[in-house]
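Letter by letter, the chains look like this.
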Amino acid sequence: MAHRTTIRFLLGNEPRTLTDVDPTLTVLDWLRGTERRMGTKEGCAEGDCGACTVVVGRLVDGAVKYEAINACIRFLATLDGCQLLTVEHLKRPDGALHPVQQAMVDCHGSQCGFCTPGFVMSLYALNRAEAAPLEGVLDEQCIDDALAGNLCRCTGYAPIVAAAQQVRNRTPDHIDDALPSVTRALAALADDAVVETGRDGRRFLAPATVDQLADLVLSNPDATIVSGATDVGLWVTKHQRVLSTVIYTGRVAGLARITDRGDALELGAGVTFTAAKAALGRLHPDLDELLRRVGAEQVRNAGTIGGNIANGSPIGDTPPALIALGASLTLRWGAQRRTLPLQDYFLAYGKQDRQPGEFVESVTVPKPGKGDLFAAYKISKRFDQDISALCACFLVTVGDDGLVTRARLAYGGMAGTPKRADAAEAALLGRPWDAAAARDAKAALAQDFTPLSDWRASAAYRLAVAGNLLLKFQAESVADAPATRVLAQRTQGRPAGCDIAKAVPHA
Amino acid sequence: MPDKTPIDISAVTPRRIDGAVHDSRRHESAHKHVSGEALYVDDIAEPAGLLHVQLGLATRAHARVLSLDLDDVRRAPGVVAVFTAADIPGDNDIGAGLRHDEPLFAEDVVQYHGHPLFAVAAETRDQARRAAQLAKAEYEDLPAVLDIAAARDPGTLVTPPMTLRLGDAEAALKTAPRTLSGRIKIGGQEHFYLESQIAMAIPGEDEDVLVHVSTQHPSEVQHIVAHVLDIPDGAVTVEVRRMGGGFGGKETQANLFAACVALVAKKTGRAAKLRPDRDDDFRITGKRHDFEVDYQVGFDDQGRILATDMLFAARCGFAADLSGPVTDRALFHADNCYFYGNARMSSLPLKTNTVSNTAFRGFGGPQGMVAAERVVEEVAFATGLDPLDVRKVNFYGTTDRNVTPYHQTIEDNIIGPLVDELEAWSDYRARRQAIRAFNAANPYLKKGLALTPVKFGISFTFTPYNQGGALIHIYTDGSIHLNHGGTEMGQGLNTKVAQVVADEFQVDIGRIRITATTTGKVPNTSATAASSGADINGKAAQNAARVLKARLVEFAAGHWNVPQDAVVFTADGVRVGDQLLTLREVVKAAYMGRISLSATGYYKTPKIHWDRAKGQGRPFLYYAYGASVAEVTVDTLTGEYVVDRVDILHDCGDSLNPALDKGQVEGGFIQGMGWLTTEELWWDAQGRLRTHAPSTYKIPACGDRPRQFNVRLVRNSPNVEDTIHRSKAVGEPPLMLGISVLHALSDAVASVADHKICPQLDAPATPEQVLATIERLRERTA
């Protein structure tokens, strides 16, 4: 394996080569502490407020893809091969404000101003996203999603949404002007070497191939495997854990691959939530909606499916959906692979079926077929950027005779692991798929789960809603079902432009 | 001498200055906010040798400290010094009002989970954070009182309660045709300013110390630092350029951080900075008080309220802080817009072993108003009337029925016409019908609609705070340096005050240099709080500008030999007789003529007085009004909901800056909505706050804003009082517009029992709370 002991990236258009980088030094602490670039703010140090939002450009199939991420929980060394843009890069060379900055000024989008640089960067990322229409009113849902990871306590958001609308017609800026040279520079930084840096005896390793990854994990069985760091970042910023060896998967070619196997999708462990949303969302609209509500834009751009599974959290949002769909997990140990049903990976709270030296390589998700009914529900205090109180994902197969032949009812937040409701499933099998069956399944849930009470929800609420969601699922599967979802209600029949952008009427 | 260029005045086109009063001028720092160039305390260049400070926190809610072993802390890498209560040269007391109930560092007894015990100063922030975890404390647990229910029995109060009486409530309740009673629980609220608390102290010579701190109350920080260090106030300079949000959370809560860094700086001779992690900020700073309000109301079949009796129990935490005036203000707003005829209202400021609660936008007023709206809602359900009709029938009158429970006669009531206008503009009645039809057709989703009004009293109820100061210098190049006692936390105070001064001198606002608030320029200031910032500092700055103008007029008249009334400040320059001079020319001449070009300004609010013992007086100069209509959709299987549409009409008098005021209205509404919906503070059985970061404490996100959000300011409604350019205060009142969302949710919930039962939906109305209320109503109707 070729080794490289430098971290190379672009800060704006400026090449940076760093050595002896602390493996868990965050991008934010580097920007503010070392570079004294004070525009990027720390609001929470856990990736939940967006005040630290920066934009990272990386080469994807030869083109630079720009995405907003949280600098507070991203390790600096993971920027190897990337371009980092901060709020200081947006002003034009002549000192004039960038159109997204000017729009925020024009629309009174800042009050205290502390969250503003983060919003500006999210707006910038939205502005240059491929999904954004070049003209016409930007869909409000699109704006809400782009800004869901940025909290503002002053404005109430309306003027910021107005600013997003104002800049919907994008014209090339100085960052676009530099794109050809940036593309060449990033291409020149890409290599197949294992990057190794660190200090004080702690190491950061970033392989470039799956085989390198397998070798490194095998030879460093105690290493912490890091993908988007949207959870591990908090171990460092909140719990001040000292990680002696970090193996970063984000450079590994092939680990972020999505393969269509006809009757199933295979997602590499490094597939981000953003990429998974596009692929899984095509299987079922509820998967699109569920993934839309994983974290927020900055988290989805960094966090991965593999990380969401591997860390074994009982409240990760993708495992219930993947378990309901009958997904299987492929683990790799050196050159060996083994595959197991995803549900079997979760042994107990904090304990997974993963041996030292082993890592999650991919997950294979069967596509729902004929007669399959599917739904995914996430219940949380707030719709966006919140952690589930519970997550419920159901797959029920109804045979030609109208009887339930298969029931996979998977829940998160109801036990120490993502878990299927065996008794409730049994209550459905062989019965007509009707309200009575759903009610019986709901009653059976009490045998399946003894949920906890905590700050997200009480045990009583979790159990009641877990059952009510079965009633809802059944109701929704009836033709001409009445409306059952408040979020769908919100987007129905609403004019895209309300009068938030209008001038203040005043005598 | 300046050139005297005679010009033909009549040929000059009258020009309007840039940034005149009443203009929708952008925030003075907007361009710096968006570019990241605006400096907050943590962005200020750090002095060489700066020490980073962190606090060591208690891990018990109430306990005797048997021993505190800090050896490992001292030995930790990078640690320079560790300080405890024993190291404090002055008084170990940082509470507002200096009652000796709030130490900088706890000594023998810790009174809440998170109570600071010591501070550690290290070379880096990371080292300080790690070292702070290494303390070994031994405790002997004492009984911990954690919530209102537990606090009622011992009934220990942190501050004396207050009672207001109007008429004879007891007698009127006995004779009222109908009566009912109930209790409402209202949750607290974390400020979640985006910039957490922070202070940096730079030691000077002798006793001097300069403190950069994110605070709404520089003068109090100055007093506290002096008190803790046992040095004169004059040795302490406190400076604030801007805060990244305050919302009341930096009125007294910055004292701790400022006192701590000042102590470290003076003890070590090195600059010191303390920026707590967000989790610590949540744990150790006070929040909005949660309340339980018991109410009894007498009324007739027309829904007219004849008497109320209300008891306001508040969780105050372990110390008084501002709980006295906060619970007082709850009572001052327990009438909202309604004439009760006979009323008795009392406060119960309960001591608990939790962080000491503090000011938060509205300052108890919102809790009082939520209780008032519950009372009205109960009457509506009892009489079967639309809640809006019950509200209207109980509105204060303009010539009679206009005396509040604190015996102030309301002289500026506009709530009736304001609500009429909003009712028509929002199409309330037609939407009421449409919603009933929707609910009839939908078994799972239910819509709700509510219109709630706001009347909010403006002035500090602590009368001495109703004064402001300003300082203006004019330099010989004609540039104007403006300073005043208020602080900028995002509300646009500096912009408004600059507009006032620009208007006086008739110069473009760009000529006014806005400068950091500092105790060294304007002393003995009041907190920027109670929505009073523009009212008192705008008037004070206007006063300073007028003093300077008078000097310049007198000088110019003599110098150019014209009558004083021939010297006029215009947008085109200073007209002196038949010539037009630039301000710079006039100022330069005045300097040469040895005229002072610096002036202080001062203002004190007229008319107000308050006798707390009697519960009578005129605590408020005037009232700000507003009303909001909210429409929601609720999922009756999960309790989830969305706010579909909100229409707001709000009164800013003759607004100084409609764009900034609209920002306050929208932002206040969303913050109030968050308080009453998703923002839930959750303590565990050990008294640990478990919702201590944005991952667990959910303020509204962008998608939670109403998709239809129509906000208007009341037109042609100048303040009847002589406030700054007849404007009205706007900081706090709009927060209470968010109450409309709680009532719309309640309306939707009520539909599951055919609107026959008052849902008594408590706050925060989280999805769980909404579902529990739905299930309770279903059980009662089953």
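Model, not experiment: these values are computed from the prediction. (Residues numbered from 1 in each chain as written. Chains lettered and ligands numbered in written order. Predicted model: local features only at pLDDT ≥ 70, side-chain atom pairs only at ≥ 80, totals over all residues. Heavy atoms only, no water.)

### What about the UniProt feature "domain: FAD-binding PCMH-type" (unreviewed entry) in chain A?
Argument step 1. In the numbering used here, UniProt assigns the "domain: FAD-binding PCMH-type" (unreviewed entry) feature to residues 197–370 of chain A.
Argument step 2. Counted over residues 197–370 of chain A, helix gives 32% and strand 28%. Its end C-alpha atoms are 51 Å apart. (UniProt positions renumbered as here; feature names shortened; annotations may be inferred. Helix = DSSP H or I, 4+ residues; strand = E, 2+ residues; numbered from the N terminus.)

### Notes on the nonpolar core
Argument step 1. Counting 155 residues, the largest nonpolar core has B:Met310, B:Phe312, B:Ile480, B:Phe505 and B:Phe669 as its most contacted members.
Argument step 2. Taken together, domain 2 (291–461 + 612–781) and domain 3 (467–604) of chain B each give at least three residues to this core, which thus spans both.
Argument step 3. Not counting residues within four places of it along the chain, the set of residues in contact with B:Phe669 comprises B:Ser628, B:Val646, B:Ile648, B:Pro706, B:Phe709, B:Pro734, B:Leu735, B:Leu737, B:Gly738, B:Ser740 and B:Val741.
Argument step 4. Counting 62 residues, the second-largest nonpolar core is a separate cluster that includes A:Ile160, A:Ala162, A:Val167 and A:Val182. (Core = buried A, V, L, I, M, F, W, Y, C linked by side-chain atoms within 4.5 Å. Buried < 20%, exposed > 50% of the residue type's maximum accessible area, 1.4 Å probe, protein only. Domains from an automatic or database assignment. Contact = heavy atoms within 4.5 Å.)

### So, the pattern of salt bridges
All names here are of chain B.
Argument step 1. This structure, assessed with the given rule, holds 103 salt bridges over all chains.
Argument step 2. For the salt bridge of arginine 429 with aspartate 389, the shortest nitrogen-to-oxygen distance reads 2.8 Å. A residue pair is termed long-range when its members are at least 10 positions apart, and arginine 429 in helix α13 (residues 428–441) and aspartate 389 in helix α11 (residues 387–394) qualify at 40 residues.
Argument step 3. When its relative accessible area of 33% is taken as the criterion, arginine 429 is described as partly exposed.
Argument step 4. By relative accessible area, aspartate 389 is classed as partly exposed at 30%. (Salt bridge = Lys/Arg side-chain N within 4 Å of Asp/Glu carboxyl O.)

### Notes on the side chain of A:Asp145
Residues and elements named next belong to chain A.
Argument step 1. Within the fold, aspartate 145 resides in helix α4 (residues 140–147).
Argument step 2. On the accessibility criterion, aspartate 145 (14% relative accessible area) is buried.
Argument step 3. When residues no more than four places from it in sequence are discounted, the contact partners of aspartate 145 are Arg292, Glu297 and Arg300.

### Here we look at the domain arrangement of chain A
All names here are of chain A.
Argument step 1. When its domains are assigned, chain A resolves into domain 1 (3–89 + 178–253), domain 2 (99–172) and domain 3 (257–498).
Argument step 2. Relative to domain 2, the C-alpha centre of domain 1 lies at a distance of 26 Å.
Argument step 3. Taken residue by residue, the interface counts 17 residues in domain 1 and 13 residues in domain 2.
Argument step 4. Taken together, the two surfaces of domain 1 and domain 2 that pack against each other cover about 1200 Å², and 66% of this comes from carbon and sulfur.
Argument step 5. At the surface where domain 1 touches domain 2, the tally comes to 0 salt bridges. (Buried area = accessible area lost by both parts, 1.4 Å probe.)

### Some details on the UniProt feature "domain: Aldehyde oxidase/xanthine dehydrogenase a/b hammerhead" (unreviewed entry) in chain B
Argument step 1. As annotated in UniProt, the feature "domain: Aldehyde oxidase/xanthine dehydrogenase a/b hammerhead" (unreviewed entry) corresponds to residues 35–143 of chain B in the numbering used here.
Argument step 2. Within residues 35–143 of chain B, the helical portion is 13% and the strand portion 31%, while the C-alpha atoms at the span's ends are 52 Å from each other.

### Digging into the side chain of A:Arg456
Argument step 1. You can see A:Arg456 is positioned in the loop between α17 (435–448) and α18 (459–476).
Argument step 2. It turns out A:Arg456 is buried and unbridged, and the closest side chain with the opposite charge, A:Asp454, is 4.3 Å from it.
Argument step 3. For A:Arg456, the residues in contact, after removing those within four places along its chain, are A:Ile315, A:Lys381, A:Ile387, A:Ser388, A:Ala389, A:Arg462, B:Ser695 and B:Thr696. (Lys, Arg positive; Asp, Glu negative; His and termini not counted.)

### Some points on the pairing of strand β13 (residues 328–333) of chain A
Residues and elements named next belong to chain A.
Argument step 1. Pairing of β13 with strand β14 (residues 336–341), which is carried by 6 bridges, proceeds in the antiparallel orientation. Counterpart to leucine 331 in the pairing with β14 is arginine 338.
Argument step 2. Pairing of β13 with strand β17 (residues 358–366), which is carried by 6 bridges, proceeds in the antiparallel orientation. Looking across to β17, one finds that leucine 331 is bridged to valine 360. (Pairing = 2+ DSSP bridges.)

### What about the packing of aromatic side chains?
Residue and element names in this part refer to chain A.
Argument step 1. Applying the stated rule across the entire model yields 28 aromatic pairs over all chains.
Argument step 2. Taking 5.3 Å as the distance between ring centres and 80° as the angle between the ring planes, the aromatic pair formed by tyrosine 345 and phenylalanine 346 counts as edge-to-face.
Argument step 3. Residue tyrosine 345 is classed as buried on the basis of its relative accessible area of 0%.
Argument step 4. Over the face of the ring belonging to tryptophan 235 we find arginine 241, whose NZ or CZ atom lies 4.1 Å from the ring centre. (Phe/Tyr/Trp six-rings, centres within 6.5 Å; stacked < 30°, edge-to-face > 60°. Lys NZ or Arg CZ within 6 Å of the ring centre and 35° of its normal.)

### A closer look at the sheet that holds strand β18 (residues 480–484) of chain B
Residues and elements named next belong to chain B.
Argument step 1. A sheet is described by the order of its strands in space; here 4 strands give the open sequence β19-β18-β17-β24, paired in mixed fashion. Strand pairing shows two members of the sheet lacking a second neighbour, β19 (512–514) and β24 (598–604), which therefore form its edges. The sheet shows a mean angle of 25° between the axes of neighbouring strands, direction not considered.
Argument step 2. Across 5 bridges, strand β17 (residues 467–474) lies against β18 in antiparallel orientation. Across the sheet, the residue bridging to histidine 473 is histidine 481, located in β18.
Argument step 3. This element, helix α14 (residues 493–505), spans β17, β18 and β19 of the sheet and lies at about 130° to β18.
Argument step 4. Most of the contacts of helix α15 (residues 533–560) go to β24, to which it runs at about 140°, and overall it touches β17, β18 and β24. (Axes fitted to C-alpha atoms, helices over the stretch in contact; angles between N-to-C directions.)

### Concerning unusual backbone geometry
Residues and elements named next belong to chain B.
Argument step 1. Here alanine 763 and proline 764 are connected by a cis peptide whose omega angle stands at 0°.
Argument step 2. By the secondary structure assignment, proline 764 is in the loop between α18 (739–750) and α19 (767–781).
Argument step 3. Phi is positive for phenylalanine 247, close to 60°, though the residue is something other than glycine.
Argument step 4. Notably, histidine 725 is not glycine yet its phi reads approximately 50°, a positive angle.

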